[in-house]
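# A closer look at the structure
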Amino acid sequence: MDSESKKEVLQSQPRILEINDDFSLIKRFIEGDESTFKTLVHRHKEKVRNIIYLTVSRTEFVDDIAQEVFITLYKNLKHFRFESQFTTWLYRITVNKCKDHLRKMRIRSVFVPVKETEGYNHINDNIDVSEIVHKSINKLPEKLRTPLLLKDIEGFSYQEIADTIQCEVGTVKSRIFRAREGLRNLLKPYEEDLRD
Amino acid sequence: MNKHIELLSSYLDGELSPEEVKQLEEKLSYTPELRDKLAELKRVKELTKSSIKKIPEAPYFETRLFSYLQEKPYRNKIKKWSPVIGVAVLTVALMLLLKFNPDFLENIFEEQKSNLAGFYKENLKPFLFAADLSNEDIFNFAFYNQLPLDNTKTQYIQVGSDPSGDEYFEISTAGLMIEEGNFKKFMETLALNADQEQQFDSIMGSYAEALQSQILVNDKNTVAISPNLWNYQKAIVADILAFAKASSEEVADMMPVLFKVQSSVVKQVVHSVKTNKDNEYIFFTPDSLFIDTFEFDADEFKKEMEIAKREMQKSFQEMERNQEEMEELNLVRLKLDSSLINLKRVPRVNKNFDIYIDSNVCRVHIDKIEIPDIELPDMDSLEAIINEATKQFKSFTFTVPKFDLSDGKAGKKFHKYDYKIEMDDSIKSFKFDLHIPDVEIPDVDSILRNEMEHLENFNWNQPLMNDSLMEWFNFFRSDDSTYSDNPMHFEFRMKEFEEEMEKFREEMEKLKRELRKDSVYVKPKKPVEI
């Protein structure tokens, strides 16, 4: 197909072929059409919110952090260099914001009295399996938890995870393995309950 | 083996190269442990997948985000700095205002002050009206500087000057113990005829009226005292002395100082005191002390009171059956409350007043307040006379028990007792024959001498910081170290003991709290080692 006929196709079906992928939206944004930002937000907000939820594992902070992520995105979108996937860039911002948040929380927790130990005993009949697992996952250190959840919940590839948390693929590999081993150890006391 | 186990995880995730997959599957086929391990990891992966649900969508997320983004960024900066800018602008404005109008603040303060003064000056009424002063009260005021504040005589105001010459007055719940009947004795000594008596009555009556306007109170707990009160006291003494000198030679014999009193001077003094139109009052209010002028319209008040009296008489007749209620009809009662102590902290006040307060007495030293001097050439000499006469008067009324001398029958003891009074120019002595049936007479002289020594040694100038009653108690009991039979002392010791116990209890509470604090501390959990 030569360039002439390409043009024809474009003219005959302009709407269908209107290019709405992330890159084009960002380009239009940079050119001054700020309305495209709305589309970007709408498209990615749920993914971003879920990543935040997985990383900080507390629902009450999700929306505030997500707002921060998109505000940062809005301010920096003009500097986007189209070298990598937009989502990788966006998720990197998200994970960094989450890390900031966790750091603040850690500092704050120094001044807050230590909560009582959260233990599950076997006497309790109504044990929710997914709750046990969820709590156990939350006990994992953040650097192990995030890759594991990005893989198992969000279905990221190792490469995507490495891009998002900015490390080598090998590191991601070993962290996910260590996360699973750790989780296995944490779940050992509940083996009986989990068997059904 | 370990290397293979680590590969299992990536194998599960489909992240191994085809070559690695081939190798691992081969290994798995003959290593049951590895197969078990794979099953374990698979289970963990499944559990992980199933355990976390996606969070629900946030409906207003975009609305919130875009409303924030639409706020202009520089607006944020202003918002952030607005408190600082506000303060800065205010400071500059105030500086400019004060530069071009330096009296601004002072004017505001002055205005507030006069507003406050006006508030407290409202509705002032003479305090002494309620006391219904009798001739005897005025007589006692003249010679003992003490006026009752109500007709039940439970509160007194005392004016005077301490040895250093500072004027003071105090309001106390217990007056000096004045022997009753001094006035009667005085009158008996004068032996006046009917005309003279009437004349004397009118003199005293005029003072009773005049004294009314010297102390004013209102329902806002304000007490206004005219500094002229001190002059009145002197004038009354002078007037009484002049009258005594004129009416009875006998009294003049007894009080040689009377010869010095010149009635013409006294007349002038009395006149100028009575016509002193200096309307300054010292105002005592619950939160401040100040001096201000205040016009008290005595005539207006008289009219008001006459109307009120008539109405009250009517109601009294109705109430006569109910005596109790009538007794409760104390018009005004000044409460000595601790709030007055706060006055000490007012710096301006401290310059002019010293206030000593305890549960019985409120004494105010007004060393820096000008008591308006009566401008008469002979005032100094007259004052000296007044002082001397007052002294002599007190000597006369020194209490020696009255005994019926006529009842001197046989078999009963007689005691002779001499009492001497030293005066500037003569020594007068009095002889008493004491007769007390079947009672061992104590050596009155030695008791008196002891008491007098105590009084002389007592440091009257020391500030009455602690309870004056306690002071007196210690003073009279200073030579007794046991106190065993004294209930007051016992109470005091009990109080001390109770205080100690309270302190001890507090200590224990503190200790308990500290112990509890320690037990609350829980060692932080160690992070999970993986």
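Please refer to the structure higher up on the page.
Residues numbered from 1 in each chain as written. Chains lettered and ligands numbered in written order. Predicted model: local features only at pLDDT ≥ 70, side-chain atom pairs only at ≥ 80, totals over all residues. Heavy atoms only, no water.

Turning to the overall build of chain B, a few remarks are in order. Secondary structure assignment for chain B yields 19 helices and 12 strands. In chain B, which comprises 530 residues, the proportion classed as buried is 35%. At a minimum sequence separation of 6, the contacts of chain B that also span at least 24 residues come to 62%. For chain B, the accessible surface area stands at approximately 35300 Å², while carbon and sulfur atoms represent 53% of it. (Helix = DSSP H or I, 4+ residues; strand = E, 2+ residues; numbered from the N terminus. Buried < 20%, exposed > 50% of the residue type's maximum accessible area, 1.4 Å probe, protein only. Contact = heavy atoms within 4.5 Å. Areas by Shrake-Rupley, 256 points an atom, 1.4 Å probe, with all protein chains shown as cover.)

Residue and element names in this part refer to chain A. Relative to the elements of secondary structure, His44 occurs in helix α3 (residues 36-56). For His44, a relative accessible area of 7% puts it in the buried group. Looking at His44, its side chain comes within polar contact range of the side chain of Asp22, at 3.1 Å. Excluding residues within four positions of it along the chain, His44 makes contact with Asp22, Phe70, Phe86, Thr87, Leu90 and Tyr91. (Polar contact = N/O pair within 3.5 Å; in protein donor to acceptor, adjacent residues only side chain to side chain.)

A separate point is unusual backbone geometry. All names here are of chain A. One non-glycine residue, Phe82, lies in the positive phi region at around 55°. Looking at the element boundaries, Phe82 is found in the loop between α4 (59-76) and α5 (86-110). The backbone of Gln166 sits at a positive phi, close to 60°, despite the residue not being glycine. You can see Gln166 is positioned in the loop between α8 (158-165) and α9 (169-187).

One finds Phe37(A), Ile52(A), Leu73(A), Leu77(A) and Phe86(A) to be the most contacted residues of the largest nonpolar core, which totals 60 residues. For this core, the leading source of residues is α3(A), giving nine residues. For this core, the domains that each give at least three residues are domain 1 (18-118) and domain 2 (127-191) of chain A. Beyond its immediate chain neighbours, meaning those up to four positions away, Ile52(A) contacts Ser57(A), Val62(A), Ile65(A), Ala66(A), Val69(A), Thr94(A) and Cys98(A). One finds Phe169(B), Val217(B), Ile225(B) and Leu229(B) within the second-largest nonpolar core, a separate group that totals 47 residues. (Core = buried A, V, L, I, M, F, W, Y, C linked by side-chain atoms within 4.5 Å. Domains from an automatic or database assignment.)

What follows covers a positive patch on the surface. Together, Lys510(B), Lys512(B), Arg513(B) and Arg516(B) make up a region of like positive charge exposed at the surface. Residue placement: Arg516(B) occurs in helix α19 (residues 487-520). (Patch = residues over 30% accessible without salt bridge, like charges linked within 9 Å, V, L, I, M, F, W, Y side chains within 5 Å. Salt bridge = Lys/Arg side-chain N within 4 Å of Asp/Glu carboxyl O. Lys, Arg positive; Asp, Glu negative; His and termini not counted. Charge placed at Lys NZ, Arg CZ, Asp CG, Glu CD.)

Moving on, we get to the environment of Lys151(A). Checked against the element boundaries, Lys151(A) lands in helix α7 (residues 142-152). Judged by its relative accessible area of 10%, Lys151(A) falls in the buried class. For the pair Lys151(A) and Val172(A), spaced 21 residues apart in the sequence, the C-alpha separation amounts to 9.8 Å. Apart from the residues within four sequence positions on either side, Lys151(A) is in contact with Phe156(A), Ser157(A), Tyr158(A), Ile161(A), Ile176(A), Arg180(A), Asp13(B), Glu15(B) and Lys45(B).

Here the focus is the pattern of salt bridges. Applying the stated criterion across every chain yields a total of 20 salt bridges over all chains. In this structure, the salt-bridge partner of Asp152(A) is Lys45(B), at a minimum N-O distance of 3.0 Å. Here Asp152(A) is found in helix α7, whereas its partner Lys45(B) is found in helix α3 (residues 32-51) on a different chain. By relative accessible area, Lys45(B) is classed as buried at 12%. Of the charged contacts in the structure, one is a salt bridge between Asp13(B) and Lys45(B), with a shortest N-O distance of 2.5 Å. Of the two residues, Asp13(B) sits in the loop between α1 (2-12) and α2 (18-30) while Lys45(B) sits in helix α3, which places them 32 residues apart along the sequence. Ionic contacts of the salt-bridge type, sharing partners, join the residues Lys45(A), Glu46(A), Arg49(A), Asp63(A) and Glu62(B) into one network.

In this complex, chain A contributes 52 residues to the contact, which on the side of chain B involves 37 residues. Taken together, the two surfaces of chain A and chain B that pack against each other cover about 4100 Å², and 64% of this comes from carbon and sulfur. On the chain A side of the interface with chain B, the three residues burying the most area are Gln67(A), Phe177(A) and Arg180(A), jointly 16% of the side's total. On inspection of chain A and its partner chain B, the count reaches seven salt bridges. A salt bridge links Arg64(B) to Asp64(A); its shortest N-O distance comes to 2.7 Å. For the interface between chain A and chain B, the tally reads 14 residue pairs in polar contact (both at pLDDT 80 or more). Going through the elements one at a time, α3, α4, α6 (129-139), α7 and α9 of chain A are the ones with two or more residues in the side of chain A that touches chain B. Counting residues per element, the side of chain A that touches chain B draws most heavily on α9(A), which supplies 12 residues. The residue makeup of the side of chain A that touches chain B, split by class, is 26 nonpolar, 10 polar and 16 charged. (Buried area = accessible area lost by both parts, 1.4 Å probe. Nonpolar A, V, L, I, M, F, W, Y, C, P; charged D, E, K, R; others polar.)

Residue and element names in this part refer to chain A. Assignment of secondary structure puts Thr55 in helix α3. Given a relative accessible area of 0%, Thr55 falls into the buried group. When near neighbours in sequence (up to four residues on either side) are disregarded, Thr55 contacts Cys98, Leu102, Glu142, Arg145 and Thr146.

Our next topic: the packing of helix α7 (residues 135-144) of chain B against helix α10 (residues 228-247) of chain B. Residue and element names in this part refer to chain B. For the pair α7 and α10, the least separation of the axes is 8 Å and the interaxial angle reads 105°. Here α7 is positioned roughly perpendicular relative to α10, judged by the angle of their axes. Residue-level contacts link Ile138, Phe139, Phe141, Ala142 and Phe143 of α7 to Leu229, Tyr232, Gln233, Ile236, Val237, Ile240 and Leu241 of α10. Within the contact of α7 with α10, the residues separate by chemical class into 11 nonpolar, one polar and no charged. (Axes fitted to C-alpha atoms, helices over the stretch in contact; angles between N-to-C directions. Parallel < 35°, antiparallel > 145°, perpendicular 65-115°, else oblique.)

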